[in-house]
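# Geometric and topological summary
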Amino acid sequence: MHSSYLGSTSRIAQKHVLLSEILAVTSVMRKNSRWASAAHTLHARDSALARDLGLRRASPGDNTRRSGRVSAEADLMGGFQELKRTVRGTEDIQSIPLPMLLGPFFALIRSPISTGPITSAALSALHSFFVCGLISANSIELEVALVELSSAVSHCKFEASDSSGDEVVLLKIMTVIHDCMVGSSVGAFLGDVEICEMLETVLTTCCQMRLSEVLRRSAESTMLSIARTIFGRLYEFDPAEEEAKLRVHEDEPQHGDLSLSVPPPVTSQSIGNEIYPGAHGEETKHTDTVTQDHALEAANTSDRTAEGSVPSVVVPRPYGLPALLELLRVLVNILDPNDQVHTDSTRLTALAILNSTIEACGTRIGDYPSLVVLILDYGCKYLFQLARSDNPAVLQGALRTISSLFETMRPHLKLQQELFLAFSIDRLATPPLLRSNTTKKLQTSSPRPGASATSTPTLGPVDTELELEKGSPVPSRPPVQPARGDTRDLMLETLSQISRHPSFMVDLYTNYDCDINCENLFERLIEFLTKGVYPWQYSSASEAQQLHSQYLCLDMLLAFVNDMAARARGESEAWRPNFELPEQLLQNKSRKKLVLTGAVRFNSKPKLGLAFLEENKLIYSDLSPEVSRAKSLAKFLKSSTRLDKRLLGDYLSKPDNLELLKEFMNMFDFKDKPMVDAMREMLETLRLPGEAQQIDRIAETFASVYFASKPAEIKTQDAVYVLAFSIIMLNTDLHNPQIRKRMTIEDYQRNLRGQNGGEDFSLEFLQHIYDSIRKREIIMPEEHTGQLGFEHAWKELLTRSRQSGRFMMCNSALFDLDMFRTVWKPVISAIAHAFITFDDEYVIQRAISGFRQCATLAGHFNLPDVFDFVVVSLSQATSLLSDNLPVHVPNFPVVEVERQSVTVSSLSVKFGTNFKGQLAAVVLFNIVNGNGNALREGWTQIFEMFENLFMHSLLPTRMLQMEDFLGGVTMIPLRGSQPSRPAPRSDGGLLSALSSYLMTPYSTSSDNLVPEATDQEVESTLCTIDCIASCRLDELYAQIMQLDSEALVAVIRALEALAHERTIARLKQESDDVGSPYSGASQSDGTYVLPYDPAAVFLLETMVSIACHTTQCIEDLWPVIFEHLSALLSASTYYSVLLIERAVVALLRLALILAQKDALRDQLYISLDLIANLPSSVANSVAEHVVAGVGLILQHKPSSSTQTEWNVIFATLRSTISNPEAARSTFNLVASFASEGPAQKITPDNFAGLLSTLDDFATAAGASVKLSPQKPRRIPQQPSADSPPIDRGRKAVDLIFDLKKIVAPFAESAKLQPGQVWRYYCLPLSSSLAKQSTNPSRLVRNTAINQLQRLLLGPQLIYDEADHSQVEEIFNSVVFPILDELLKPQVYFIDPQGMSETRLRASALLCKAFMHFEIAQSQRNADIRVLWIEILDLLDRLISAEKSEQLYEAVSESLKNVVLVMNAASILVPPPAAEDDRDEQQRTMWTATQARLERFLPGFLAEVVSIPQRAPSLDKHVSG
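Note that the structure is predicted; figures quoted are calculated from it, not measured. (Residues numbered from 1 in each chain as written. Predicted model: local features only at pLDDT ≥ 70, side-chain atom pairs only at ≥ 80, totals over all residues. Heavy atoms only, no water.)

### So, the overall build of the protein
Here is the rule we go by: A helix here means a DSSP run of H or I that spans at least four residues, while a strand means a run of E at least two residues long, and both kinds are numbered starting from the N terminus. To sort residues, take the accessible area from a 1.4 Å probe on protein chains only and compare it with the maximum for the residue type: under 20% means buried, over 50% means exposed, and anything in between is partly exposed. Contact criterion: two residues are considered in contact whenever any of their non-hydrogen atoms come within 4.5 Å of each other. Per-residue accessibility takes into account occlusion by the displayed protein chains alone, with areas from the Shrake-Rupley method and a 1.4 Å probe.
Each helix and strand in the protein was counted, giving 65 helices and 4 strands. Across the 1520 residues in the protein, those meeting the buried criterion constitute 54%. Of the contacts made within the protein by residues no fewer than 6 positions apart, 77% connect residues no fewer than 24 positions apart. Carbon and sulfur atoms form 51% of the exposed surface of the protein, whose accessible area is close to 65900 Å².

As structure tokens, this is what we get:
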């Protein structure tokens, strides 16, 4: 076609294009027979020529006169001929005014006699002119031409032909309008009226349903393009100037009315706009006439000229905000769902255009108050109502437009967004199973939180009818039909799109949750999203739809977590100074929670609610002389929107609350407010109660307060009272559908006659009241139903929106802690469910990221509970937790893979096939790695998994080992058989005792068959091993050692709890089944013993290993570990040998650390005392470890220890003597103390303990004789001197004797008195040697008695020589007990041969000691008679007990020496021959000695001592 030709040959001269288009149009005109004759008639031109030449030409007759139609056709054709002549002599047609160039084309387009093809050709010509640039911004008189163009295309008229041809014309009109407004540079020169005219043309075409789909879609596309273009100019306009234009336009109208309308869709019988040809129907078709009956001009163009003529032109101002506002107004009005004129198809078109408009404007639209007001009010109201549409297309269009609104105008839509989000959540939330009484409850419930029932329209309810019963402070709302199927998906997608901003959740929290008059939208949304991740068991949705819904909810949750994690990394914005302070917002949040709770309690029982409010200082906290209790309470009741209005009215109108009611009414400002408006305001805050007396109180109080404001026309308070009741009655009469006969103004006036202080109210006054009530019903709170209620509530929302301020938008991290603390648990639970349930790899990957981010946030906010929950959630997904881990480990097959032994266990096979479990494990341990300090209770799950992996040989080698003092590092045995606990033996050690018990971790029992592993099981096991390696458990184990103190305590507590469960708790449980283990029965009597549990040992070893590597925290860890070890060792006979051994080793390893901590010094000795008091059988089995541990402790222990502490140490060492191997080490350790050296180790504090230990070694040597193999009725055989126990015993005695060397230095350093030295040192030494002098071992016994004699008779024995009692103590406590013991038959028969010699030595020692001590004492006048008699009695018993010649001679010889010495010392003096001059003591001594000796040694005394012979007379005298 020619237009396309021009498009491809843009260099052709514009004159050529103009002439070509003239030719094209006139050619089409000539093709019509009616137009063909007119082509050759040029009357106007002929007449002009005759006139120019001065000729007169006769007028034609009536027969040749043309009809009017022919004349019009000729005029139209002549216009083109005239234009051709005009341009023929002009080279530059741009110099010709544009209206002159386009006039013929405009006339043809406007002409009603034109046909479709002719009009189409003219429109095509205009399109060509735009394309070639003939119509451009530089054209002369462009503005005038544009006015004519607008008029022409807007009032295009042509005769109807066929529908397709006619629609081509309409399509060409759309093209020209598009060229004018969008496709060229002239659009900016159009005026507001022209813009409106052309927009109306296009918009009407879009909405005429009788037109073809193609045409309507083309028109819609044109409209979208135009809307984007003209609204895009908002960025170029100055908002202040454009807003001023609106005010000017009201006073200075342009050349046409600035209005735009869309007629209702026409049927095939009617046409609604003059751009359309005649109606197409067989009964209305015409071929020779124009159907103008329905092509009349619209009312808004009545000022234009008559048909076919060019209108008078007024040059317009360039278009601006007025035209845009008018288009927006029309689009918004089309959306009104209550307007039955427009169909859903029309609304769909309007939605598409409105959305395109909003997208083109962007945020710039917010700078124009007039546009904002229109959007906030009617725009949002109609869009939100359309969001409830059942038409999917309308719903989709409405939701898309709403999302665009929030994207561009969010700061202006705070309450509108609250309403939409609450509505969306209500519809999307899964419906509860309502009870039968739900309806009644909902009818009387409080309005939805966020506003009173009169302040926010309820688009839809939520499923919270049980919230009050659950303790929620949120009142319930009416139920709504939940969104299902595609509607649900669409709404959820829209919600997802709206929430895509990083700051979205923060904005919800700060604007709504922290606003006492708004809903907790953030909490509600998160609650909905978390629940939405789970499947709905009662949903009828398809599986795909449900899964899609779950994915969307999860995606929004993860986006929330991701955004918060980004803010934690520093990707946040600073809080803007013009916003409310964050501290104030958080305070509002706290107060809001209290207010909600108080409101719920008030709605349940007002007294309880008021008590709660007073307790939390929400009321009565502002009391002062000016503020009474009633006024304080009234302030709260008036300002709180959460209270049940019915209950509030009932409470205020009670007789006891009359003062409160007055204060409540005083809260209203009725100054200069009409009576009706005052009544409206009052009745919006409370609902009138049912009782007449209560209503009367409210009316009286209202009348009092309102009359105090001095209203006009009202003369008395009673008049107000009467008017109040009359208004209520009038409202009911005019709006109650059950009343048929309505009250008229005359009726109303008659009812109030004489009520104004005896006079009548003026007619104008009553008419105003009547009209106000008639036009606008007073709607009570909680009665807002239907469209009327919605309209009223919407107005209240707009009122609130003016008070609530702008929507704050800031991606701030200041509120993240409070937000995260509120919702972390359901969020993590939902992520965990998604991870476990969903199979989509992308979703799983997102869930993993969510876990990591939640863990990061937990560490960032220092919320261990969150981190614990993450770990618990992931650990459950790993399948590595075992509810009941067995004690006995089966014999799993072991295979060689790449020269490494691999145990194919049940867990390794199962876990190797669980890909999701492997993912969870890797994620879990990667999260814990590096974040251990944030973990607390979650360590229990970590070590439960370790425990399970250990039992199946899947842990790294480092974690399978145990340390001790003997063999270094060994593997923890996985299996074992429970032997009887070994009794103390004289040979062998712990390793030999346990050789039949311990087994290597991976060995197998010959008693059990080992199954063969299949290739698939091996492959699965290798997958498990690879996964465990990826978990980096060894790194985690190493990081545990670097944790902070608090986290370490949590680690140890977790281990202790698991170990306790497998030991102490299990013992109690199983012992209850078999009888109490503490009944006192010995093991040989059937005491129950728990079987060996490798997991218990593993947990114990892990616990202790961690503690030993974190000595800096030992003070915090020690109490937890010691409690467990103490519990084990206190019942040591009931556990397996290895477990107790490991417990003792653990205690000693920790004691080694305690020894270096002054603050825990007492705990060291408590631990050693626990070991020292172990049962002998247990002590024998752990003796080697004990002595090794104590030896290390002594190396690191501070030298300054008390005697009690040393006693505990040596008591611990003494407990090891029964074990032969341990005894050797213990003796060497003790001997090193007693040996001489440069570093003196013996101190006064450890002297007693060392002596006692050496004494026990000597005693143990004697025990070895008793325990040696015996034959019946045979004398025990003495072990050889080389026997280790005997050798140690002998050396111990020698060391005891050597201790005498340190006595003098100790006494000197401590400046002790001789008596004290004796008591503290010499007596214990002597007593110990005396005790060993009766040792069953002959070698030890003889050594001891020899050393005792050396000690007693040597110079190093220190005692108080002036104190005879100490000398007596030498005999009574040292010497005499030896002989008493030796005289016992059971002692004698242990070694009869050796005992005789010992008796000889003992008797000799006795006599020597007497001579050494007592004779010296006698010189100090000490009375030694009693002691001497006791010695004689002992010797008597000794000779009598053993009829041995050798003993007899030895005793006689010893006595002989004693008697001679005593005689020489004048102690034992025979009676003289002459007068007896002896003292009493000497006489008594001689007499007693003689009597005793005569018993067992007759004549002995006479042989040894020469007794003088007395005279007979003297003898007689004496005898007498």
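Now that the structure has been shown, the text picks up again.
### A short note on the packing of aromatic side chains
Applied cut-off: In this analysis, rings of Phe, Tyr and Trp, with Trp reduced to its six-membered ring, are considered paired at centre separations within 6.5 Å, and the interplanar angle assigns stacked below 30 degrees, edge-to-face beyond 60, and tilted for intermediate values.
Under the definition given, this model contains 39 aromatic pairs. Measuring from ring centre to ring centre gives 5.2 Å for Trp575 and Phe579, while their planes differ by 65 degrees; the resulting arrangement is edge-to-face. With relative accessibility at 14%, the residue Phe579 sits in the buried group. Plain terms: the ring middles of Phe761 and Phe765 are 5.6 Å apart, the flat faces sit at 20 degrees to each other, and that makes the pair stacked. An aromatic cluster of three or more residues is present, and its members are Tyr509, Phe522, Phe560, Trp575, Phe579 and Phe815.

### Quick word on the pattern of salt bridges
Heads up, the condition is: Salt bridges are identified by distance alone: a Lys or Arg side-chain nitrogen within 4 Å of an Asp or Glu carboxyl oxygen.
Going through the model one piece at a time under the given rule, you end up with 50 salt bridges. Glu213 is the salt-bridge partner of Arg217, the closest N and O atoms lying 2.8 Å from each other. Note that Arg217 and Glu213 are positioned in helix 11 (residues 213-232) at a spacing of 4 residues, about one turn of the helix. Under the relative-accessibility criterion, Arg217 is labelled partly exposed at 42%.

### Some remarks on the confidence of the model for the protein
Predicted coordinates in areas of low pLDDT are best not read in detail. Rules: Confidence per residue, as judged by the predictor, is encoded in pLDDT with a range of 0 to 100.
Mean pLDDT over the protein works out to 80, with 82% of the residues at or above the 70 mark. Here residues 432-476 is a poorly scored stretch, pLDDT under 50, and it has 119 contacts once near neighbours within four places are set aside; other chains count. A low-confidence stretch, residues 1268-1273 stays under pLDDT 50, and its non-local contacts, those more than four residues away or across chains, total 2 contacts.

### Some thoughts on the nonpolar core
Defined as follows: Side-chain atoms within 4.5 Å are what join buried Ala, Val, Leu, Ile, Met, Phe, Trp, Tyr and Cys residues into a set we call a nonpolar core.
Residues Trp939, Ile942 and Phe1371 are the most contacted members of the largest nonpolar core, which totals 392 residues. When neighbours within four sequence positions are excluded, Trp939 is seen to be in contact with Val928, Gly932, Leu1036, Ile1040, Leu1043, Ala1047, Ala1050, Val1051 and Ala1054. Judged by nonpolar contacts, the second largest core, of 55 residues, contains Ala599, Tyr651, Met743 and Leu766.

### Brief notes about the pairing of strand 1 (residues 894-897)
Side-chain direction in a regular strand flips from residue to residue, so the side chains alternate between the two faces of the sheet. Quick reminder of the rule: Only strands joined by at least two bridges in the DSSP assignment are considered to pair.
Inspection of the sheet shows strand 1 paired to strand 2 (residues 900-903) by 4 bridges, in the antiparallel sense. Counterpart to Val895 in the pairing with strand 2 is Val902. From the end of strand 1 to the start of strand 2, which pair antiparallel, there are 2 residues, and Glu898 there has a positive phi angle of about 55 degrees.

### What to know about the packing of helix 2 (residues 14-31) against helix 6 (residues 98-110)
Here is the rule we go by: Here, axes are lines fitted to C-alpha atoms. For helices the fit covers the stretch in contact, and angles between N-to-C directions go from 0 to 180 degrees. Small angles under 35 degrees read as roughly parallel and large ones over 145 as roughly antiparallel, with 65 to 115 read as roughly perpendicular and the rest as oblique. Here a crossing is called left-handed whenever its near helix is offset anticlockwise from the far helix by less than a right angle, and right-handed whenever the offset is clockwise.
Remark: helix 2 packs on helix 6, axes separated minimally by 11 Å, with the N-to-C direction vectors making an angle of 25 degrees. Between helix 2 and helix 6, the angle falls in the class roughly parallel. Here helix 2 runs over helix 6; the crossing is left-handed. Here Leu18, Glu21, Ile22, Val25 and Met29 of helix 2 lie close against helix 6, whose contacting residues are Leu101, Phe105 and Leu108.

### Some words on unusual backbone geometry
Working note: non-glycine residues mostly have negative phi, and peptide bonds are mostly trans. Positive phi is not limited to glycine here, since Glu713 has a value of about 75 degrees. Its identity as a non-glycine residue notwithstanding, Arg1032 has a phi of 55 degrees, on the positive side. Note on placement: Arg1032 falls in the loop between helix 41 (1015-1031) and helix 42 (1033-1040). The exposure class assigned to Arg1032 is partly exposed, which follows from its relative accessible area of 29%.

### A closer look at the environment of Glu326
You can see Glu326 is positioned in helix 13 (residues 321-334). Note on Glu326: relative accessible area 10%, which makes it buried. Along the backbone, Glu326 and Leu371 are 45 residues apart, and their C-alpha atoms lie at a distance of 9.8 Å.

### Remarks on helix 8 (residues 142-154)
Using the following cut-off: For a helix, the expected span equals 1.5 Å multiplied by the residue count minus one.
Here helix 8 is 13 residues long and its end C-alpha atoms lie 18 Å apart, about the 18 Å a rise of 1.5 Å per residue gives. Inspection of helix 8 places Leu142, Val144, Ala145, Leu146, Val147, Glu148, Leu149, Ser150, Ser151, Ala152, Val153 and Ser154 among the buried residues, and these make up the whole buried set. In the core, the buried residues of helix 8 are packed alongside helix 6, helix 7 (116-132), helix 9 (163-183) and helix 10 (192-207).

### What to know about the packing of helix 20 (residues 504-513) against helix 21 (residues 521-533)
What counts here: Gly is put with the polar residues, along with every residue not named as nonpolar or charged; the nonpolar set is Ala, Val, Leu, Ile, Met, Phe, Trp, Tyr, Cys and Pro, and the charged set is Asp, Glu, Lys and Arg.
Put simply, helix 20 and helix 21 touch, their axes get as near as 7 Å, and they point 135 degrees apart. The angle between helix 20 and helix 21 falls in the class oblique. Here Phe504, Met505, Leu508, Tyr509, Tyr512 and Asp513 of helix 20 come into contact with helix 21, specifically with Leu521, Phe522, Glu523, Leu525, Ile526 and Leu529. Residue classes in the contact of helix 20 with helix 21 are distributed as 10 nonpolar, no polar and 2 charged.

### Some words on the side chain of Asp515
Quick note on the threshold: As used in this structure description, the phrase polar contact means that two N or O atoms lie within 3.5 Å; if the pair is within protein, one of them must be able to donate a hydrogen and the other to accept it, and residues adjacent in sequence are counted only when both atoms belong to side chains.
Here Asp515 is to be found in the loop between helix 20 and helix 21. In this structure the side chain of Asp515 is engaged in a polar contact, spanning 3.1 Å, whose partner is the side chain of Lys414. Leave out the neighbours within four places in its chain, and Asp515 touches Lys414 and Lys592.

### Re the environment of Arg1319
Checked against the element boundaries, Arg1319 lands in helix 56 (residues 1314-1332). When its relative accessible area of 40% is taken as the criterion, Arg1319 is described as partly exposed. What Arg1319 contacts, discounting residues up to four positions off in sequence, is Pro1324 and Glu1369.

### Comments concerning helix 36 (residues 864-878)
The terminal C-alpha atoms of helix 36 lie 21 Å apart, and with 15 residues this matches the ideal 21 Å at 1.5 Å per residue to within 8%. Summarising burial for helix 36: 11 of the 15 residues are buried, a large majority. Along helix 36, the residues classified as buried are Pro864, Val866, Phe867, Asp868, Val870, Val871, Ser873, Leu874, Ser875, Ala877 and Thr878. Buried residues along helix 36 sit in contact with helix 34 (816-837), helix 35 (841-860), helix 37 (906-912), helix 38 (915-928) and helix 39 (939-951). Downstream of helix 36 by one or two residues, Ser879 has phi in the positive range, about 65 degrees.

### Re the environment of Val1293
Within the secondary structure layout, Val1293 lies in helix 54 (residues 1284-1298). In this structure the C-alpha to C-alpha distance between Val1293 and Asn1346, which are 53 residues apart in sequence, comes to 10.0 Å. Setting aside its immediate chain neighbours within four residues, Val1293 contacts Ala1258, Leu1329, Gln1332, Val1340, Thr1343, Ala1344 and Gln1347.

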